[in-house]
Amino acid sequence: MRRLESFIQGAWHTPDCEGMATSHAVTGEPVATVSSSGIDFERTAAYAREVGGPNLRSMTFHERAALLKQLGQHLFAEKETLYDLSTATGATRADSWIDIEGGAGVLLSYASKGRRELPNSTILLDGDPEILARDGSFIATHIAAPLHGVAVQVNAFNFPCWGALEKLAPALLAGVPTIIKPATPTAFLTEAMVRLMIQSEILPAGALQLVCGGVGDLFDHLGGQDLIGFTGSASTAALLRAHPAVLERSARFNTEADSLNAAILGSGSGPGSTEFDLFVSEVVTEMTVKAGQKCTAIRRVLVPHQHLNAATEAVAAALGEVRVGDPADPETEMGALVSTAQRTEVLAAVSTLSGSATVVTSSCEFHNVDPQRGAFMAPTLLRSENTTNPDVHTTEAFGPVSTIIGYSDAADAVHLTSLGGGSLVASVYTADPAEAHALTTGISAHHGRVHVVDASVATTSTGHGSPLPNLVHGGPGRAGGGEEMGGLRGVRHHLQTTAVQGSPDMLTAITGEWMPGSTRHLDRGHPFKLNFDDLDIGTAIHTDSRTVTLDDIEGFAESTGDNFYAHMDEEAAAASPIFGGRVAHGYLVLALAAGLFVWPDPGPVLANYGVDRCRFAKPTYPGDTLTVLLTCKRKTLRAGSGYGEVAWDAQVLNQDDDVVAAYDVLTMVANRPGVNGAPPEQTNNGGDN
Ligand code: NAP
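Residues numbered from 1 in each chain as written. Predicted model: local features only at pLDDT ≥ 70, side-chain atom pairs only at ≥ 80, totals over all residues. Heavy atoms only, no water.

Caption draft 1: Spatial organisation of the overall build of the protein chain. From N to C terminus, the protein chain includes 20 helices and 29 strands. Across the 689 residues in the protein chain, those meeting the buried criterion constitute 55%. Within the protein chain, contacts between residues separated by at least 24 positions form 73% of all contacts whose residues are at least 6 apart in sequence. (Helix = DSSP H or I, 4+ residues; strand = E, 2+ residues; numbered from the N terminus. Buried < 20%, exposed > 50% of the residue type's maximum accessible area, 1.4 Å probe, protein only. Contact = heavy atoms within 4.5 Å.)

Caption draft 2: Quick look at the packing of helix α2 (residues 61–77) against helix α5 (residues 162–174). At a closest axis distance of 8 Å, the pairing of α2 and α5 adopts a crossing angle of 150°. Classified by the interaxial angle, the pair formed by α2 and α5 is roughly antiparallel. Contact residues: α2 offers Phe61, Arg64, Ala65, Leu68, Leu71 and Leu75, while α5 offers Leu165, Ala169, Leu172, Leu173 and Ala174. (Axes fitted to C-alpha atoms, helices over the stretch in contact; angles between N-to-C directions. Parallel < 35°, antiparallel > 145°, perpendicular 65-115°, else oblique.)

Caption draft 3: Structural view of the packing of aromatic side chains. Inspection of every chain in the model, using the stated rule, returns 9 aromatic pairs. Geometrically, the ring pair formed by Phe157 and Phe398 is edge-to-face, given 5.7 Å between the ring centres and 85° between the ring planes. Taken together, the residues Phe157 in the loop between β7 (151–154) and α5 and Phe398 in the loop between α12 (390–394) and β18 (401–407) connect sequence positions 241 residues apart. On the basis of relative accessible area, Phe157 is assigned to the buried category, the value being 14%. The structure contains a cluster of three or more aromatic residues connected by ring pairs, namely Phe528, Phe597 and Trp648. A cation over an aromatic ring shows up here: Arg93 above the ring of Tyr83, its NZ or CZ 3.6 Å from the ring centre. The positively charged end of Lys635 is found above the aromatic ring belonging to Phe532, 4.6 Å away from the centroid. (Phe/Tyr/Trp six-rings, centres within 6.5 Å; stacked < 30°, edge-to-face > 60°. Lys NZ or Arg CZ within 6 Å of the ring centre and 35° of its normal.)

Caption draft 4: The pattern of salt bridges, seen in detail. Per the counting criterion, the structure on display carries 29 salt bridges. Here Glu5 ties to Arg195 by a salt bridge, and the two come within 2.7 Å at their closest N and O atoms. Taken together, the positions of Glu5 in the segment before β1 (6–8) and Arg195 in helix α6 (residues 187–199) put the pair 190 residues apart, joining distant regions of the chain. The buried category is assigned to Glu5, whose relative accessible area is 18%. Here Glu385 ties to Arg383 by a salt bridge, and the two come within 2.9 Å at their closest N and O atoms. Among the ionic contacts, a cluster of salt bridges with common partners joins Arg2, Glu5, Glu191 and Arg195. (Salt bridge = Lys/Arg side-chain N within 4 Å of Asp/Glu carboxyl O.)

Caption draft 5: Representation of a negative patch on the surface. Taken together, the side chains of Asp40, Glu42, Asp217 and Asp220 define an acidic patch exposed on the protein surface. Within the secondary structure, Glu42 sits in helix α1 (residues 41–57). (Patch = residues over 30% accessible without salt bridge, like charges linked within 9 Å, V, L, I, M, F, W, Y side chains within 5 Å. Areas by Shrake-Rupley, 256 points an atom, 1.4 Å probe, with all protein chains shown as cover. Lys, Arg positive; Asp, Glu negative; His and termini not counted. Charge placed at Lys NZ, Arg CZ, Asp CG, Glu CD.)

Caption draft 6: Quick look at the domain arrangement of the protein chain. Split into domains, the protein chain comes out as domain 1 (42–126 + 145–257), domain 2 (261–467) and domain 3 (520–670). A separation of 56 Å is found between the C-alpha centroids of domain 2 and domain 3. (Domains from an automatic or database assignment.)

Caption draft 7: Region of the structure containing the site of the ligand. The environment of the ligand is formed by 26 residues, the closest being Asn155, Thr184, Ser233, Thr236 and Glu396. Between an oxygen atom of the ligand and a main-chain N or O atom of Asn155, the distance comes to 2.6 Å. A distance of 2.6 Å separates an oxygen atom of the ligand from a polar side-chain atom of Ser233. Elements represented by at least two residues in the shell around the ligand include exactly β10 (227–231) and α7 (234–241). The element contributing the most residues to the shell around the ligand is α7, with 3 residues. Taken together, the residues of the shell around the ligand break down into 14 nonpolar, 8 polar and 4 charged. Viewed by domain, the shell around the ligand spans two of them, domain 1 (42–126 + 145–257) and domain 2 (261–467), each represented by three or more residues. (Near = heavy atom within 4 Å. Polar contact = N/O pair within 3.5 Å; in protein donor to acceptor, adjacent residues only side chain to side chain. Nonpolar A, V, L, I, M, F, W, Y, C, P; charged D, E, K, R; others polar.)

Caption draft 8: Structural view of the environment of Ala584. Inspection of the secondary structure puts Ala584 in the loop between α19 (570–575) and α20 (586–597). Measuring from C-alpha to C-alpha, the distance between Ala584 and Ala566 comes to 8.1 Å, with 18 residues separating the pair along the chain. With residues near it in sequence (within four places) discarded, Ala584 still touches Val548, Ile553, His567, Val589 and Thr620.

Caption draft 9: The arrangement of the nonpolar core in detail. Counting residues in each nonpolar core, the largest one holds 58 residues, and the members touching the most others are Leu68, Leu75, Leu82, Tyr110, Leu172, Met193 and Met197. Listing elements by their share of this core, those giving two or more residues are β4 (30–34), α2, α3 (79–86), α4 (93–117), α5, α6, β9 (208–210) and α15 (488–492). The leading source of residues in this core is α5, at 9 residues. The contact partners of Leu68, leaving out residues within four places of it in the chain, are Leu107, Leu108, Tyr110, Ala111, Ala169, Leu172 and Leu173. Counting 40 residues, the second largest nonpolar core, distinct from the first, contains Val301, Leu308, Val315 and Val453. (Core = buried A, V, L, I, M, F, W, Y, C linked by side-chain atoms within 4.5 Å.)

Caption draft 10: Inspection of the pairing of β18 at higher detail. Of all the 7 residues making up β18, 7 are buried; the element is thus mostly covered by neighbouring parts of the structure. Taken together, the 5 bridges between strand β13 (residues 298–304) and β18 define a ladder with parallel strand orientation. Each bridged residue has a counterpart across the sheet, and for Arg300 the counterpart in β18 is Thr403. Taken together, the 5 bridges between strand β17 (residues 380–384) and β18 define a ladder with parallel strand orientation. Bridge pairing links Ser384 to Ile405 in β18. (Pairing = 2+ DSSP bridges.)

Caption draft 11: Main features of unusual backbone geometry. Look at Ala291: it is not a glycine, yet its phi comes out positive at around 50°. Within the fold, Ala291 resides in the loop between α9 (274–288) and β13. According to the relative accessible area criterion, Ala291 is buried, its value standing at 1%. Its identity is not glycine, yet Asp657 carries a phi of approximately 65°, on the positive side.

Caption draft 12: Structural detail: the sheet that holds strand β12 (residues 261–265). As summarised here, the arrangement of the 7 strands in space is β15-β17-β18-β13-β12-β19-β20, forming an open sheet in which the pairing is mixed. The open sheet has two edge strands, β15 (358–361) and β20 (447–453), and neither has a second partner. Pairs of neighbouring strands in the sheet enclose a mean axial angle of 25°, with direction left out of account. One ladder, built from 3 bridges, connects β15 with β17; its direction is antiparallel. By the bridge assignment for β17, Thr358 is matched with Arg383. Sheet strands touched by α9: β12, β13, β17, β18, β19 (423–429) and β20. Its angle to β13, the strand with the most contacts, is close to 160°. Each of β13, β15, β17 and β18 touches helix α10 (residues 308–320); the most contacted strand, β17, lies at about 170° to it.

So this is what it looks like as structure tokens:
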């Protein structure tokens with residue numbers, strides 16, 4: 001039988017003994033043996049730190065985002081290899097789509113987030129600078145930089161591709177190398193996916209390793225620069241988080257454990273309502289996708305007592321329509337569990353549940369398969385009147401199993417939901433905004449995500465059971481207390497945030513971003529005449545002045561239609577506690593400022609694409625004289641585009657040097673001809689727009 005290989009220290013490693021056998025979920029035939037025997041785990045962790053870490057940290061966030069994009073595109077191109085293998089896990093084509101294409105999609109999503117939301121540099125600035133000395137000579141800022149360790153991921157069996165990729169994407173983007181340890185029953189699929197990634201030669205050496213089989217003494221070699229991302233059962237989580245690597249050496253530990261997620265039908269969403277139909281349909285979907293082996297699956301179905309019979313009948317009837325059988329058959333809607341051992345565990349959990357709940361339905365026809373050889377199981381619906389019995393709220397049957405539970409009012413629904421002890425997600429089905437508010441705010445402390453459904457999102461909701469790369473995935477308490485993905489939040493878990501204190505010039509040099517109080521270089525001519533490559537941080541202009549007149553204000557009011565009293569009504573403006581007289585429009589101040597700092601001729605500045613952080617600090621009165629201090633604050637190269645983004649610190653000052661407006665002006669500035677894809681001869685038309 002084939003021995004699964006691990007990818008260790010840049011080479012494929014074949015175990016020196018047979019190891020544990022895994023079997024085909026449909027036929028029961030052996031698939032492969034899994035063992036990590038012969039791996040030197042100390043060297044494996046060291047290789048990640050000594051080779052992978054430096055390779056990744058030498059790249060910027062944007063360069064690493066580009067790797068993720070290539071990797072995602074490569075997996076999409078090669079996906080059929082993975083689909084072919086995925087059937088052996090019991091998954092239908094639709095189930096595998098979530099795992100394979102959903103996983104590759106996470107890579108692409110993080111690639112795009114990294115490019116749009118992270119700087120093209122090796123550190124991330126966190127928040128605004130803090131001024132620590134009254135005269136501004138001593139300031140502080142927070143920087144976040146990648147940890148110098150390794151991210152070890154220990155995954156559950158149910159999503160052999162997605163489970164690895166949703167952890168890999170933020171780690172790689174952050175610049176931290178990864179060791180993937182898949183769950184044994186489906187490690188053959190993860191191994192095939194990692195093989196595709198390694199063959200592509202997209203990643204630098206040491207960025208990715210794979211351990212098929214047990215982790216040996218790996219945790220003994222982890223410490224404070226390392227991360228452990230665990231997905232699996234609460235019992236394994238409890239074991240791993242007690243390891244000295246976590247308790248004594250402070251390795252970062254993130255858990256995604258099991259949870260008994262709820263769906264709550266609103267009291268007004270009875271039979272005949274769109275919300276009722278959506279609710280029934282989602283419960284059936286969640287019970288049967290991946291044969292219910294999803295951490296987010298709906299395990300508890302909370303229904304107002306008055307709708308309990310109708311909801312039970314509707315869910316049972318819809319389950320009766322689900323075609324269960326060979327996952328390779330395109331007609332099949334629900335395939336097999338991962339193994340007959342898993343089925344034994346699920347049936348044991350059903351037996352526990354049936355001590356306090358009645359089985360409504362637990363049989364079906366199995367199409368074109370031998371349900372004894374393969375790990376097939378009928379969707380099983382239970383119903384409980386004994387609502388607070390702990391078994392119903394704490395027994396996870398990790399298969400196509402849910403329990404319908406009656407509730408009396410919103411407070412009761414909130415209480416029952418909380419008996420799960422913390423869950424990944426709950427869904428609320430109601431058309432009533434007040435009920436949505438009461439239920440959502442009532443249960444949010446117990447959940448990582450709340451999914452609110454009414455008729456208006458019938459075709460657009462992304463679904464109860466779908467964690468999204470841009471949303472937090474995790475939950476408190478029993479769900480493990482962890483947090484994954486959530487856009488850049490997931491990246492930040494792999495970074496160390498450091499408060500850096502010093503002079504403004506030092507902090508500018510350290511961070512690469514101009515800090516308030518730092519030197520302005522006013523001797524380089526008009527900065528809009530400099531192309532991206534010749535423009536230094538701190539290059540600045542203090543413009544000529546411009547006196548604001550009443551005519552300017554009235555002309556602006558007339559051309560824009562903005563006749564707000566503070567600009568146009570002398571008496572009312574004089575009575576205003578804020579203005580004490582007529583003032584210029586804030587937008588007029590911005591427009592006049594642009595008139596002062598813009599260089600009119602064609603030049604490297606291609607476009608002005610917005611302003612950030614704009615504040616009008618003081619009123620501007622007719623007769624006030626304005627100047628602008630414009631300083632090159634931040635540069636972000638757009639690789640291959642021929643330009644970079646430049647943010648300018650803009651301070652509009654009056655004749656007393658008071659700041660009346662402060663903001664960042666965002667521009668695109670061309671590279672030197674021939675650099676970064678810029679045309680050999682400059683063809684831009686300059687100015688702002
Ligand atoms: P599991 O038995 O806890 O195993 C999870 C992982 O831990 C596997 O890779 C397993 O490896 C490994 N492991 C077990 N004992 C270990 C030890 N002593 N040291 C190091 N690693 C160890 O869970 P599972 O049966 O694979 O997955 C099902 C459970 O995961 C369900 O309870 C489900 O709710 C939960 N889950 C949660 C999420 C989530 O995001 N919250 C997602 C999916 C699944 P081996 O397979 O090699 O033993």
